[in-house]
Amino acid sequence: MGSSHIQYGINNQDFGFEYKNIACLADGCSEGKHSEVGVKIFLKQFKQYLKTIDTEQDEITIEDIKLIFENVMQLLISSDEYLDDMRDYLCFTIILSQKIKNEWIVTVYGDGCLILQDIHDEFEFKNINHSSTPNYLVYQYINWKDLKDYQNEEYFYQRYSLNDYKNIFIASDGLLYIVGSIYENDFKQLLLEQKEGKINRFINKLNYIYKDGNGFFKDDITIIVNIEKGE
Amino acid sequence: MIIDGLSDQNENASIDELETEEVNLMFLAIDQSGSMHSYISIMQDELKKFKDSILNSKEYEKILVSRADFSNSIKIRGYKKIDEFDVDYEIQSTTCLYDVIKEGADKLLEYMECLKKQGMRVKAIFAVFSDGCDTSSITSISQARQIIEKFNQLEIVTVFVAFGNEAINEASQLAFRNILKVGQTESELRKAFNQLSKSLISQSKSVVPKKDDFFEL
């Protein structure tokens, strides 16, 4: 949990899951009072949806994501406060990674971080922030005049060959604090080991060490490390 | 007063032995005073069952137990995984309950701080099993009570398995929040340890410490 969230009394708004060959995480906007609610409901419903299809054979599409998102909208948005509800519940990044056939397919609405592990075990941190501010999926459903820049279908979509990349980890953008820091190499070593407990401890430890400076990681972090743990 | 095995950090499980982010520490002080002489074999049985119960649970990787024996001396072992839990039981004579509370408390707080600095999320239980009152401590009852009260504030779960009426009174005076009242019979003793292991496992599953409802399953 990000130190600024602790400081300002905001819940952890970052969550994720792994299901078979799919990793999915959602990162709530801290300006949304209840974005963790939208995040959790979306992830739960999306996971339920994944159980109804063959994720090893069928590629997850934007339409699949939108289908679930629209279900969540119907659940959470009241007609008389719909703009406030959109902002408070539905402003969140969605990051999806699917390992299918000979590829990793990554889709991002909003912002985030990809960690690309190539076949030589070299790591690259990729900052996904393709607009000056995150292009949340909810903006496709709002006619705010000052959001005119976001009304095109701008999202990140990339396919990575398994011949080139051994692993693609997805993470919320809070992890980017580590890039370029003195801890980056230690973190990469932990990624090689893929031990969830040790990675979590490493992040906790940095926040503990830096607690007098309000923590090393200001924002919440979710990292999905080990796809295909299975159900 | 002989105090063995005190505060050498090397006695506790090292961070490298721990795979998880979370850990549940239990300090378990066990009365070995002479008044327990009728229950030696049951205690040996029940300590083994306590160990096996935790070892067979899904939570065992996240549980570390420090066993402390007290009578006319104190022996405090380090926080170890449950497969290293010593199930032997023997008796001596007196009861230095307040001293074991003091020494155990220092060791627990020290190890908790060490783990937190390494990024661990730590929950802790401070538990005592006793059949009677203190008879030989240097530490006073008010000092021991202050420790338990401080633990209650720190959200360390304080637990007293009170074997008999004398122990029940003692536990209340010491401000333990979770007191399991156990009749002085063999069957009650068996139930008590069964309850203790189940409660420890339940606490390990809980996101937050079960400060006032440790024995509620």
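Residues numbered from 1 in each chain as written. Chains lettered and ligands numbered in written order. Predicted model: local features only at pLDDT ≥ 70, side-chain atom pairs only at ≥ 80, totals over all residues. Heavy atoms only, no water.

Novice: Outline the overall build of chain B, listing residues and values.
Specialist: Secondary structure summary: chain B contains five helices and eight strands in total. Secondary structure of chain B in N-to-C order comes out as β-β-α-β-β-β-α-β-α-β-α-β-α. Compactness check: chain B gives a C-alpha radius of gyration of 16 Å against a globular reference of 17 Å for 217 residues, within 12% of the reference. Seen through its principal axes, chain B has C-alpha atoms that stretch 40 × 35 × 30 Å. The proportion of buried residues among the 217 residues of chain B is 53%. Contacts in chain B between residues far apart in sequence, at least 24 positions, make up 77% of those at least 6 positions apart. Of the roughly 9200 Å² of accessible surface on chain B, 45% is carried by carbon and sulfur atoms. (Helix = DSSP H or I, 4+ residues; strand = E, 2+ residues; numbered from the N terminus. Rg over C-alpha atoms; globule rule 2.2 N^0.38 Å. Buried < 20%, exposed > 50% of the residue type's maximum accessible area, 1.4 Å probe, protein only. Contact = heavy atoms within 4.5 Å. Areas by Shrake-Rupley, 256 points an atom, 1.4 Å probe, with all protein chains shown as cover.)

Novice: Explain the sheet that holds strand S6 (residues 123-129) of chain A residue by residue, including any values.
Specialist: Residue and element names in this part refer to chain A. An order of S6-S5-S8-S9 is seen for the four strands of this open sheet, with the pairing classed as antiparallel. Pairing within the sheet leaves two strands with one partner each, and these edge strands are S6 and strand S9 (223-224). The sheet contact formed by strand S5 (residues 111-118) and strand S8 (residues 165-171) spans six bridges and is antiparallel. Of the residues in S8, the one forming a bridge with Leu114 is Ile170. Packed on one face of the sheet, helix H5 (residues 184-193) meets S5, S6, S8 and S9 and runs near 105 degrees to S6. (Pairing = 2+ DSSP bridges. Axes fitted to C-alpha atoms, helices over the stretch in contact; angles between N-to-C directions.)

Novice: Describe the packing of aromatic side chains, naming the residues involved and giving the relevant values.
Specialist: In total, this model carries 22 aromatic pairs over all chains according to the counting rule given. Plain terms: the ring middles of Phe42 of chain A and Phe92 of chain A are 5.7 Å apart, the flat faces sit at 50 degrees to each other, and that makes the pair tilted. Here Phe42 of chain A is found in helix H2 (residues 35-50), whereas its partner Phe92 of chain A is found in strand S3 (residues 92-100), with 50 residues between them in sequence. With 5.3 Å between their ring centres and 20 degrees between their planes, Tyr79 of chain B and Tyr111 of chain B make a pair best called stacked. Placement of the pair is Tyr79 of chain B in the loop between strand S4 (74-76) and strand S5 (80-81) and Tyr111 of chain B in helix H2 (residues 97-117), with a sequence separation of 32 residues. The exposure classification of Tyr79 of chain B matches that of Tyr111 of chain B, with both residues buried. Here the aromatic cluster, defined as three or more aromatic residues joined through ring pairs, consists of Phe17, Phe42, Phe46, Tyr49, Phe69, Phe92 and Tyr141 of chain A. Its end group placed over the ring of Phe15 of chain A, Lys40 of chain A keeps NZ or CZ at 4.3 Å from the ring centre. (Phe/Tyr/Trp six-rings, centres within 6.5 Å; stacked < 30°, edge-to-face > 60°. Lys NZ or Arg CZ within 6 Å of the ring centre and 35° of its normal.)

Novice: Go over the nonpolar core, please, and point to the residues and values.
Specialist: In terms of nonpolar packing, the biggest core is built from 41 residues, with Leu25, Leu97, Ile101, Leu108, Leu115, Phe126 and Phe160 of chain B touching the most fellow members. Elements with a contribution of two residues or more to this core: strand S2 (22-31), strand S3 (63-70), S4, H2, strand S6 (121-130), helix H3 (141-153), strand S7 (157-163) and helix H4 (165-173) of chain B. Residues Ile22, Leu50, Met73 and Cys91 of chain A belong to the second largest nonpolar core, which totals 33 residues. (Core = buried A, V, L, I, M, F, W, Y, C linked by side-chain atoms within 4.5 Å.)

Novice: Tell me about the interface of chain B and chain A, and name the residues and values.
Specialist: If you look at the interface, chain B gives twelve residues, while chain A gives eight residues. Here chain B packs against chain A, burying approximately 960 Å² in sum over the two surfaces, 41% of which is carbon and sulfur. Taken as a group, Glu19, Glu21 and Lys117 of chain B account for 45% of the area that chain B buries against chain A, more than any other trio of residues on that side. Where chain B packs against chain A, one counts one salt bridge. The partner of Glu19 of chain B in a salt bridge is Lys195 of chain A, and the shortest N-O contact between them spans 3.6 Å. Summed over the shared surface of chain B and chain A, the result is eight residue pairs in polar contact (both at pLDDT 80 or more). Per element, the largest residue contribution to the side of chain B that touches chain A is three residues, and it comes from H2 of chain B. The class makeup of the residues in the side of chain B that touches chain A is three nonpolar, three polar and six charged. (Buried area = accessible area lost by both parts, 1.4 Å probe. Salt bridge = Lys/Arg side-chain N within 4 Å of Asp/Glu carboxyl O. Polar contact = N/O pair within 3.5 Å; in protein donor to acceptor, adjacent residues only side chain to side chain. Nonpolar A, V, L, I, M, F, W, Y, C, P; charged D, E, K, R; others polar.)

No statement about biological role is implied by the geometric values presented.
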